[in-house]
Amino acid sequence: MLRLYIGFAIAVYVLLINFVGYTAFFVDKRAAQSRDRRISESTLLFIALLGGTLGCIWAQQKFRHKTRKQPFKLQLQIIVVLQVITIFALAFPDIRTLLWQTLFSN
């Protein structure tokens, strides 16, 4: 039963953080258009790092916001790669062991 609650809590968190990421890109795009105060790139990247990557990328493409801006685009892609590696490492113990040995063996 505890696993069910934890799974539910994780699912809610992922949905919320992706909604926050999507909304942040939307707000920043509107601020850019009206020359208002913007959301910093570091804040947008931090939201992605916290798990809002899908929402950030979806909004980035939908609103055509920061799609050509470097190094922002590269940094967002690096976050995606790190998250995919982390998910695989958590989901598959053999991959986790291989990564651990590769990174920390002498």
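Our subject is the structure that appears above.
Residues numbered from 1 in each chain as written. Predicted model: local features only at pLDDT ≥ 70, side-chain atom pairs only at ≥ 80, totals over all residues. Heavy atoms only, no water.

Enquirer: Hey, could you run me through the packing of aromatic side chains in this one?
Expert: The way to describe two aromatic rings as a pair is by their centre distance and the angle between their planes. Summed over the entire model, instances satisfying the criterion amount to six aromatic pairs. Ring geometry for F25 versus F72: centroids 6.1 Å apart, planes at 55 degrees, classification tilted. Within this pair, whereas F25 is found in helix α1 (residues 2–34), its partner F72 is found in helix α3 (residues 72–91), the two being separated by 47 residues in sequence. Comparing F25 with F72, the two get one shared label, buried. (Phe/Tyr/Trp six-rings, centres within 6.5 Å; stacked < 30°, edge-to-face > 60°. Helix = DSSP H or I, 4+ residues; strand = E, 2+ residues; numbered from the N terminus. Buried < 20%, exposed > 50% of the residue type's maximum accessible area, 1.4 Å probe, protein only.)

Enquirer: I tried to follow the packing of α1 against helix α2 (residues 41–62) on my own but got confused; where do I start?
Expert: Axes are the key here: two packed helices are described by the angle between their axes and the distance separating the axes. Where α1 meets α2, the axes come as close as 7 Å, and the angle between the chain directions of the two elements is 60 degrees. The angle between α1 and α2 places the two elements in the oblique class. Here the hand of the crossing between α1 and α2 comes out right-handed. Here the contact of α1 with α2 is composed, by residue class, of 13 nonpolar, seven polar and two charged. (Axes fitted to C-alpha atoms, helices over the stretch in contact; angles between N-to-C directions. Parallel < 35°, antiparallel > 145°, perpendicular 65-115°, else oblique. Left-handed = near helix turned anticlockwise from the far one by under 90°. Nonpolar A, V, L, I, M, F, W, Y, C, P; charged D, E, K, R; others polar.)

Enquirer: Sorry, what's going on with the pattern of salt bridges here?
Expert: Any two side chains of opposite charge can pair if their charged atoms end up close together. Scanning the entire structure with this criterion turns up three salt bridges. Among the ionic pairs, R38 bridges to D28, the shortest N-O distance being 2.9 Å. Taken together, the positions of R38 in the loop between α1 and α2 and D28 in helix α1 put the pair 10 residues apart, joining distant regions of the chain. The exposure class of R38 is partly exposed, given its relative accessible area of 39%. Note on D28: relative accessible area 0%, which makes it buried. A salt bridge links K69 to E41; the nearest nitrogen and oxygen atoms lie 3.2 Å apart. Of this pair, K69 sits in the loop between α2 and α3 while E41 sits in helix α2, and the two are 28 residues apart along the sequence. Overall, the relative accessible area of 23% leaves E41 in the partly exposed class. Overlapping salt bridges, with partners in common, bring together E41, K66 and K69 in one network. (Salt bridge = Lys/Arg side-chain N within 4 Å of Asp/Glu carboxyl O.)

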